[in-house]
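Each chain, letter by letter, is given below.
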Amino acid sequence: MYNRSTMQARIPPYRWFAAALLCALASVGVCAQVVEQDVTATKRLYPEIGAGVWSVKRGPGGHYYILVGRSVLVFGDDQQKLAEIPPPPVKGARGAPQLVYGVAFDVDSNGRVYVADRAANILRIFSPDGSSLLNISFNAPTGIAILPSGEIAASSASTEHLITIFDARGRELRSIGDQVDFSENRTFNRFLNVGHLAADNADNIYFAFNYFPEPTFRKYDRAGYASLDISLTTVEFAPSAQAARREIKRETQTGNVPELKPTISCIAVDPATERVWIAFGNSIMVFEKDGLPRAEYRVYTPVGARLIVNSILVESDRLILTSDPLGIYELPRPDK
């Protein structure tokens, strides 16, 4: 069962009524078509990478880019390391590090690397050779995605809206996506509106709420209008969602920031079909481009350990998943 509403950037007051109606309709037969399956990884990739891995992207020339804390490692399709971005510091050299602690990144079609450096409050842009091109001041970034138009979408734990758009020179253009208000405490609300970003080839932007009680994501066009708002309300999510809402209510009264477990750990989009993939724990759900749920997969390592996924790379014939500290794994496309 799921909730779906089509709306503009501001959430209308009737959202929950519309969502409940759609949820009831879904229970009639739509959800019965959702595939549930266990999927085991075929092999581990880049075995030297384990603890600290954040995500993996594919860039131009068939190269793979992997964010591991203070650097982005570049590999060829033969898994041979080609470069490190930024380059390792020269022993004895002085100066501030170029990357303090990256939590999200993206790669454009020219091989430029964009990193959300949360510890330094900067969006960093590196050239393909690893030299610094531009630093954009942006407080507490949590996500970053590059649009085909060249614009930069970024999310933060301290902005008024969910997503901020910059041009290629670092000028702020617009902010999109209204936050969900849980209380009058602004710091409290911003924490609960932290999220992950992804983009597709049509300049659409996807935002997945990290701490929303029910797993929830939205799809915006480049101008900021939302065409999808999906919230999962099945029985399997109800206990944790209810516990989270109780914690939110309790801490709203005390003024403390609630201690919540992430509900969605990452979001990705299939560039060919625009299917949306979201992960929570060792489960992955797949949605069609119109928001209809397609499948739910539980993923495991070759030896049967649960893969707690923190990034998904969707390719035509396989998935590449990262899991901290287990590493990076290849899985067959279960939806093919």
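Refer to the preceding data block for the structure.
Scoring rules and cut-offs
- Residues numbered from 1 in each chain as written.
- Predicted model: local features only at pLDDT ≥ 70, side-chain atom pairs only at ≥ 80, totals over all residues.
- Heavy atoms only, no water.
- Phe/Tyr/Trp six-rings, centres within 6.5 Å; stacked < 30°, edge-to-face > 60°.
- Helix = DSSP H or I, 4+ residues; strand = E, 2+ residues; numbered from the N terminus.
- Buried < 20%, exposed > 50% of the residue type's maximum accessible area, 1.4 Å probe, protein only.
- Core = buried A, V, L, I, M, F, W, Y, C linked by side-chain atoms within 4.5 Å.
- Contact = heavy atoms within 4.5 Å.
- Pairing = 2+ DSSP bridges.
- Axes fitted to C-alpha atoms, helices over the stretch in contact; angles between N-to-C directions.

### Comments concerning the packing of aromatic side chains
Tallied over the full model, the rule gives nine aromatic pairs. Here the aromatic rings of Phe191 and Tyr211 are separated by 4.7 Å at their centres, their planes lie at 20°, and the arrangement is stacked. You can see Phe191 sitting in helix α2 (residues 186-192) and its partner Tyr211 sitting in the loop between β17 (205-209) and β18 (216-220), a full 20 residues away along the chain. Note on Phe191: relative accessible area 22%, which makes it partly exposed. Look at Tyr211 and you get buried, because its relative accessible area is 17%. Ring plane angle 80° and centroid distance 5.0 Å describe the contact between Phe207 and Phe209, whose orientation is recorded as edge-to-face. Residue Phe209 is classed as buried on the basis of its relative accessible area, which comes to 0%. Ring pairing ties together the aromatic residues Phe207, Phe209 and Phe212, which thus form one cluster.

### Here's the deal with the nonpolar core
Generally speaking, a soluble globular protein has its nonpolar side chains buried in company with each other. Core analysis: the largest hydrophobic core is formed by 19 residues, its most contacted members being Trp277, Ile284, Val299, Val309, Ile312, Leu321 and Leu331. For this core, the secondary-structure elements that each account for two or more residues are β20 (266-269), β21 (276-280), β22 (283-287), β23 (293-300), β24 (311-314), β25 (318-323) and β26 (327-332). No other element matches the three residues that β23 contributes to this core. Residue contacts for Val299: discarding those within four places in its chain leaves Val39, Asn282, Ile284, Ala305, Arg306, Leu307, Val309, Leu321 and Leu331. Of all hydrophobic cores here, the second largest spans 16 residues; its members include Tyr206, Ile267, Val276 and Phe280.

### Some remarks on the sheet that holds strand β7 (residues 81-85)
Overall, antiparallel pairing links the four strands, which are arranged β4-β5-β6-β7 in an open sheet. Both edges of this open sheet fall to β4 (53-58) and β7, since each of them pairs with a single strand only. Across the sheet, the axes of successive neighbouring strands diverge by a mean angle of 20°, strand direction being ignored. Where strand β6 (residues 71-75) lies against β7, four bridges are found, and the strand directions are antiparallel. Across the sheet, residue Leu73 finds its bridge partner in β7, namely Glu84.

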